[in-house]
Amino acid sequence: MIAMELNYFKDKLFDVLNETDELDIADLNLEDRKDLLTVTMSDGSVFEIMCQTVAQ
């Protein structure tokens, strides 16, 4: 089995969130250098998702 690269995972996570209609997302921001995905909801709530490799 080939290990998934962190950058590939971040890109796919961004794509999944960007394509979903289930969540009322107003904005997505991926800061590659910080491995941080910021999700801003339409109601003003803001969530941060920190991505890191913990095992391969």
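Reference entry: report on the structure contained in this document.

Analysis parameters
- Residues numbered from 1 in each chain as written.
- Predicted model: local features only at pLDDT ≥ 70, side-chain atom pairs only at ≥ 80, totals over all residues.
- Heavy atoms only, no water.
- Pairing = 2+ DSSP bridges.
- Helix = DSSP H or I, 4+ residues; strand = E, 2+ residues; numbered from the N terminus.
- Salt bridge = Lys/Arg side-chain N within 4 Å of Asp/Glu carboxyl O.
- Buried < 20%, exposed > 50% of the residue type's maximum accessible area, 1.4 Å probe, protein only.
- Core = buried A, V, L, I, M, F, W, Y, C linked by side-chain atoms within 4.5 Å.
- Contact = heavy atoms within 4.5 Å.

So, on to the pairing of strand β1 (residues 25-31). Note that β1 and strand β2 (residues 36-41) share six bridges and pair antiparallel. Each bridged residue has a counterpart across the sheet, and for Asp27 the counterpart in β2 is Thr40. Connecting the antiparallel pair β1 and β2 is a turn made up of four residues, with Asp35 showing a positive phi of about 55°.

Following the criterion strictly, the structure yields three salt bridges and no others. Of the charged contacts, one joins Asp35 and Lys10 as a salt bridge, the two residues approaching to 2.5 Å between their closest N and O atoms. Residue Asp35 is located in the loop between β1 and β2, and its partner Lys10 is located in helix α1 (residues 6-19); the two are separated by 25 residues in the primary sequence. The pair Asp35 / Lys10 is uniform in exposure class, with both members buried.

A word on the nonpolar core. Counting five residues, the largest nonpolar core consists of Leu17, Leu28, Leu37, Val39 and Met41. The element that contributes the greatest number of residues to this core is β2, accounting for three residues. Every residue in contact with Leu37, bar those within four places of it in the chain, is listed here: Leu13, Phe14, Leu17, Asn29, Leu30, Phe47, Glu48 and Ile49.

Here we come to the pairing of strand β3 (residues 46-50). Put simply, side chains in a regular strand alternate between the two faces of the sheet. Pairing between β2 and β3: five bridges, direction antiparallel. Note that in β3 the partner of Thr38 across the bridge is Glu48. Between β2 and β3, which pair antiparallel one after the other, the connecting turn spans four residues, and Gly44 there sits at a positive phi close to 95°.

Geometric values such as these leave the question of function open.
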